[in-house]
Each structure stands twice: as structure tokens, then as C-alpha cells.
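The lines below spell out each chain.
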Amino acid sequence: MQEQRAHWGSSVAFILAATGSAIGLGNLWKFPFITWDNQGGAFVLVYLACIAGVGLPIMMAEILIGRRSQRSVVGALKEAVGPGWGIVGAWGVLCGFILLSYYTVIAGWSLFYFVQTLGWSLSAVPPGLQTGDLFGQQVSNGRLQLGLSLVFSVATVAVVYLGIHRGIERLTRTVLPILFGILLLLLFSALRMEGSAEAVAFIFRPNFAELEPGGLLEALGHSFFTLSLGMGAMITYGSYVDRSQSIVKMSAVIVLLDTVIALIATVIMFSVIFSVAGMEDQVGASTVGMLFISLPELFYSEVPFGNWLGPLFYVLVALAALTSTISLLEVVASYLIDQHGVARHKSTLICGATVFVFTILAALSFGAVPNLSSFELFEGKQGWFANADHFVSNWMLPTGGLAITIGAGWFMSREATSSELLDGNEPGWFHYGVWRFFIRFIAPAAVGAVIVAVLFFGVDFS
Ligand code: PHE
């Protein structure tokens, strides 16, 4: 006897869970630093085009595949698209597995900064503190890294263990509103800083001469990463949606919130960098640590009540990361649950423990273990973490996304997709024909073109 499948309590519950998956380290940590590395402006514009032209249609496609089949990713693709499509689902599960293994490490950093800022707030900020140096020390401390990742993995497992209602839904409902509030407060403080005009210009003034072809791939890859697309997280979450909820409206809200939050986080961080003397050099040495290098400056100089907001902010970063890691673990664990009949509790524990083995490799690849930290598979990417992230973000997610858009556009019938999207609740601005055109032609062409260009012109691929 199969148990009845759980469903989200309401559209809002689904939106919050899916937005929680989308908003995470991709927005707060990764987007600012890749925007910096790619010189802002033009990169941001390409990214926004990818979000609108590729991300949004695929978001709708993934949710509809999930809702239609009421199965997690492997079963969903088999059922909604065709029997052979299970392999694309398996690719997604693998991708979720690897992504979760290294994402947890950065999430662990937010725990470190929580404890650190709490200490400063309660006593005092050490005189002459160089946040760049502090960052370098913490990432290369192997024991510390393992401990932080372990704590974070246990938290992820605990939430997924509790299930859709008591775990995922309850957590995302509490966390997201507070996160929005704090970010707005930080934005207002940042905009009052003298460097904010320069920051906004850097982000929004396009200069196409600065954009390298590798940046195109990065913008495309990141649009998948930040929206949790291309590996079945949205298919899996979509499988807990029931038919009374409009896919189109919910997708638009998720995509919009995710994009706005990424831009806000970037404006905040760049305002600090352009305002504080010497900060550009400090950050320049390790753009990866931008979130942890530039923000502490803001809290202890400019922000009203920064003493309080600092620690609170890093708790929220951790929670934003947690609402993403649970969606990754859910993809992997629900595969065992749906396809192999393993009970949720057991599946969550098995998957969580196996993923952690690989987390260890990523945790030690920031200097703690030299061999893990220095090898270079992809040009310019050093160490396990950087290479795993490059491979997942820029290759696994876009190829998975390409397969999903081809599946939804060419292998599912018009009746099947239109009956899901035109469910009587769709908003007036939505035209099914436009969606179908994008999912059949624009999205696959864009993803295919970027992949081919990079492969054949060898830009970023060594
Ligand atoms: N979207 C998440 C972020 O921006 C990362 C993620 C990717 C989560 C894929 C789930 C699936 O941080």
C-alpha cells in the first residue's frame, strides 16, 4: 500500500519553500563574487536575460512535470516525458548529491561568522582587524571546517527527516520573512554610504567590451544555480503541489523574488567595498570570501544597531542556506523513497551520511590539505571545491536544464503541458503559445549555443 503523498498546505507554503530553495548562497555569496569577477554591468544584463528567457520558462516546466506526475525527479520524468527519461532524472540526483556536498562547506562558514560576530558584539572588535586575513585563516583550518560542515549537515538531515509539513514547510515559513526584513535594512544602510553610487554604476552600467565568452557560460550556469533548476529540485517540490494552485503565478513570484534578492545583496556588498579604504585589495585577494570579508565592515561601522544585526545576519545566511540544502537532500532522499520504497527516515539518514563523505573533501580543499586544494581540472579553478562547483554549475545544471526543456517542449504533448499551465488560475498576462515557443526554441537554442561555443572555442574548458 502506498502512503498518500504529502501536499503543501497552500500556494504560499509552496512559494516559500521553493523560494527558500532558490534563495541561498547563490544569491548572497556567489552572485556578488561572480559579478565582481566578470566586471559587473554587461554580465548582469546577460544574467537577467538568462533568467527571463531561459529560467522562467524552465521553472514552469519543472513544476508542471512534478505536479503532473506526483513523483520525485526520476519517476516524474519517466511518467511525464517518457520511459527513457529516467536517465535525465538520475543525472539530476547525481547533481544534487555533488552540489549538496560542497554547498554545505560555505554554509558552515556562516556558522563561523555568526559565532565570531557575536563575540565581537558582546566584547569588542579587535583593533586593526583585517577581515580578509581572518577569512584566510578560518578556511584553511581543517578541523574547524570539518566541524562546521558536520553541524550544518546534521541540521539539513534533521529538517528533511521531519518531512514536508513539519520540516520543510515550517522552516521556510519562519525564515524567509525575517530574511527579507534584514536585507532591506542593510540595503538602506548601504545606500547611505559614499561608495554606493559607484556600486550601483558597477552593477548596472553595461560595458560589453569587458565581457568574456566564459562569462556568458557563467551567467547562464548561474541562472540555473540560483533558481535551483536543471537538476530536479523544482520537479521534486512541484510533486507536492496540488491542482488548485497556479503554476504560472507561483513561478513568476519565485523567479522575481530570487532575482531581486540577488541584486540587493550585490548592491549592499559593493557599496561597502567602494566605501572602505583598502577594501578592494582585501577582497581582490579572495573574491570567494566577499560575503564574509566586506560585510563585517558594514556592521561595525555604518549600520545602526550593527552590533545586533551582524550576528543575526549570519544566522540568516545559515538559514537561507539551510532552506536550499534541504531541497537538495530532498531530491536525493525522495529518489530512494519513491523509486525504491525506502522509508523517509532511513533514506534521509543514508543519503545525508553518504553526501557527507564528499563534504569532507570539499571542506579540506581551502588550504587545509594541499593536494586537495591545488589541483586544477578546469583552467583557473584550484582545488576540489572550485572544480566541483565549476563542473556542477556550468556543465551539469545547463545540460540537465537543456534535457528538461527538450523533454517538456518536444516530448510532452501540447495537451499535457497546456492542461497543466492553463488550469483556470493562470494570470491574464500569460500566453501559452509564448511559453511553448520559449521552451521549444529559445531556451534550448540559448543553452545549446553557449555550451557549443564554449566547447568549440575552448574558452573556459581546459
Ligand atoms: N538555488 C540555490 C542557491 O541559490 C542553490 C540550489 C541549486 C539549491 C540547485 C537547490 C538546487 O543558493
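These figures come from a predicted structure and were not determined experimentally.

A.B. asks: I'd like a description of the overall build of the chain, backed by residues and values.
C.D. replies: Counting its regular elements, the chain contains 19 helices and zero strands. In terms of overall dimensions, the chain is globule-like: its C-alpha atoms have a radius of gyration of 21 Å, near the 23 Å expected for 462 residues. Across its three principal directions, the C-alpha atoms of the chain cover 65 × 50 × 45 Å. Per-residue burial for the chain yields a buried fraction of 60% across its 462 residues. In the chain, the share of contacts with a sequence separation of at least 24, taken over all contacts with a separation of at least 6, comes to 81%. Accessible surface computed for the chain: about 17,500 Å², of which carbon and sulfur atoms make up 65%.

A.B. asks: Can you break down the packing of helix H2 (residues 25-37) against helix H13 (residues 290-299) residue by residue, with the values?
C.D. replies: Following both chains from N to C, one finds H2 and H13 inclined at 95°, their axes separated by 9 Å at the closest point. As the angle between them shows, H2 and H13 are arranged roughly perpendicular. From H2, Leu 28, Trp 29, Pro 32, Phe 33 and Trp 36 reach across to H13, where they touch Met 290, Leu 291 and Phe 292. For the contact of H2 with H13, the per-class residue count stands at eight nonpolar, no polar and no charged.

A.B. asks: Can you tell me about the layout of surface pockets, naming the residues and giving the values?
C.D. replies: Its volume calculated, the largest pocket comes out at about 1,000 Å³. Along the walls of the largest pocket sit 39 residues, with Phe 33, Asp 37, Val 288, Gly 380 and Lys 381 positioned nearest its centre. Looking at the lining of the largest pocket, the elements that each hand over two or more residues are H2, helix H6 (131-139), helix H9 (213-226) and helix H17 (383-411). If you tally residues by element for the lining of the largest pocket, the top one is H17, at six residues. Each residue belonging to the lining of the largest pocket can be placed in one class, and the counts come to 14 nonpolar, 15 polar and ten charged.

A.B. asks: Any details on the site of the ligand? Residues and values, ideally.
C.D. replies: Taken together, 16 residues form the shell around the ligand, and within it Ala 22, Gly 26, Tyr 103, Phe 225 and Ser 228 come nearest. A distance of 3.1 Å is found between a nitrogen atom of the ligand and a backbone nitrogen or oxygen belonging to Ser 21. Here a nitrogen atom of the ligand sits 3.1 Å away from a polar atom, N or O, in the main chain of Thr 226. Within the complex, the protein chains bury 100% of what would otherwise be the 330 Å² of accessible surface of the ligand. A majority-of-atoms criterion places the ligand in the largest cavity. Elements supplying a minimum of two residues to the shell around the ligand: helix H1 (11-22), H2, helix H5 (86-122), H9 and helix H14 (306-340). Of the residues assigned to the shell around the ligand, the class counts are eight nonpolar, eight polar and no charged.

A.B. asks: So what's going on with the nonpolar core? Residues and values would help.
C.D. replies: In terms of nonpolar packing, the biggest core is built from 162 residues, with Trp 8, Ile 65 and Phe 313 touching the most fellow members. When residues of this core are assigned to their parent elements, the largest contribution, 17 residues, is made by helix H11 (residues 247-275).

Procedures and definitions
- Residues numbered from 1 in each chain as written.
- Predicted model: local features only at pLDDT ≥ 70, side-chain atom pairs only at ≥ 80, totals over all residues.
- Heavy atoms only, no water.
- Helix = DSSP H or I, 4+ residues; strand = E, 2+ residues; numbered from the N terminus.
- Rg over C-alpha atoms; globule rule 2.2 N^0.38 Å.
- Buried < 20%, exposed > 50% of the residue type's maximum accessible area, 1.4 Å probe, protein only.
- Contact = heavy atoms within 4.5 Å.
- Areas by Shrake-Rupley, 256 points an atom, 1.4 Å probe, with all protein chains shown as cover.
- Axes fitted to C-alpha atoms, helices over the stretch in contact; angles between N-to-C directions.
- Parallel < 35°, antiparallel > 145°, perpendicular 65-115°, else oblique.
- Nonpolar A, V, L, I, M, F, W, Y, C, P; charged D, E, K, R; others polar.
- 1 Å grid on protein atoms, 1.4 Å probe; cavity = no way out; pocket = protein on both sides within 12 Å on 5 of 7 lines; lining within 4 Å.
- Points joined across faces, edges and corners; volume = space filled by probe spheres on them.
- Near = heavy atom within 4 Å.
- Polar contact = N/O pair within 3.5 Å; in protein donor to acceptor, adjacent residues only side chain to side chain.
- Sits in = over half its atoms within 2 Å of the grid points.
- Core = buried A, V, L, I, M, F, W, Y, C linked by side-chain atoms within 4.5 Å.

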